[in-house]
Amino acid sequence: FAPLGGGVQQNVDVFKRRIVNVVELSPWPSGALGGLLSSAPGPLGQASKQLQAARVVLELDHSFSADGDGSDGARRAAAGSTIS
């Protein structure tokens, strides 16, 4: 999946209990519309030319835990089963 000329990535580190989601996108149009804006006269065209290669990277870094995973200091079984 590539939003507006970018990409999406998810990095999961189970041992460190960490997930990082990264979204990269281009905030300015490319192709025919980008070319049209870049060729506009005056400040609009100049600004558009300079921003054609602009990239925005958004990163969400968060940690997680689950019942019984040991993150509270005592490792316990997260689930159990009974056989009768």
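Residues numbered from 1 in each chain as written. Predicted model: local features only at pLDDT ≥ 70, side-chain atom pairs only at ≥ 80, totals over all residues. Heavy atoms only, no water.

### Looking at the side chain of S38
Moving on, step 1. On the secondary structure map, S38 appears in helix 1 (residues 31-38).
Moving on, step 2. A relative accessible area of 13% means that S38 is categorised as buried. (Helix = DSSP H or I, 4+ residues; strand = E, 2+ residues; numbered from the N terminus. Buried < 20%, exposed > 50% of the residue type's maximum accessible area, 1.4 Å probe, protein only.)

### Structural notes on the side chain of S48
Moving on, step 1. Locating S48 in the fold gives a position in helix 2 (residues 42-51).
Moving on, step 2. Take S48: its relative accessible area is 8%, and that puts it in the buried class.

### Focus: the pattern of salt bridges
Moving on, step 1. This model, assessed by the stated rule, comprises 2 salt bridges.
Moving on, step 2. Note that D61 is salt-bridged to R18, the shortest N-O span being 2.6 Å. In this pair, D61 sits in strand 3 (residues 56-63) while R18 sits in strand 2 (residues 18-25), placing the two residues 43 residues apart along the sequence. (Salt bridge = Lys/Arg side-chain N within 4 Å of Asp/Glu carboxyl O.)

### Points about the sheet that holds strand 3
Picture the strands of a sheet paired through backbone hydrogen bonds; they go either parallel or antiparallel.
Moving on, step 1. On the basis of which strands lie adjacent, the open sheet formed by 3 strands has the order 1-2-3 and antiparallel pairing. Each of the sheet's edge strands pairs with one partner strand only, and the pair in question is strand 1 (7-13) and strand 3. For this sheet, the mean angle separating the axes of adjacent strands, direction not counted, is 10 degrees.
Moving on, step 2. Two strands pair when backbone bridges link them, and strand 1 and strand 2 are joined in this way by 7 bridges, in the antiparallel orientation. Looking at the pairing, D13 lines up with R18 of strand 2. (Pairing = 2+ DSSP bridges. Axes fitted to C-alpha atoms, helices over the stretch in contact; angles between N-to-C directions.)

### Side note on a nonpolar patch on the surface
Moving on, step 1. A cluster of nonpolar side chains, namely V12, V14 and F64, defines an oily patch on the protein surface of about 260 Å² accessible area.
Moving on, step 2. Among the secondary structure elements, V14 is positioned in the loop between strand 1 and strand 2.
Moving on, step 3. Assessed through its relative accessible area of 57%, V14 is described here as exposed. (Patch = residues over 30% accessible without salt bridge, like charges linked within 9 Å, V, L, I, M, F, W, Y side chains within 5 Å. Areas by Shrake-Rupley, 256 points an atom, 1.4 Å probe, with all protein chains shown as cover.)

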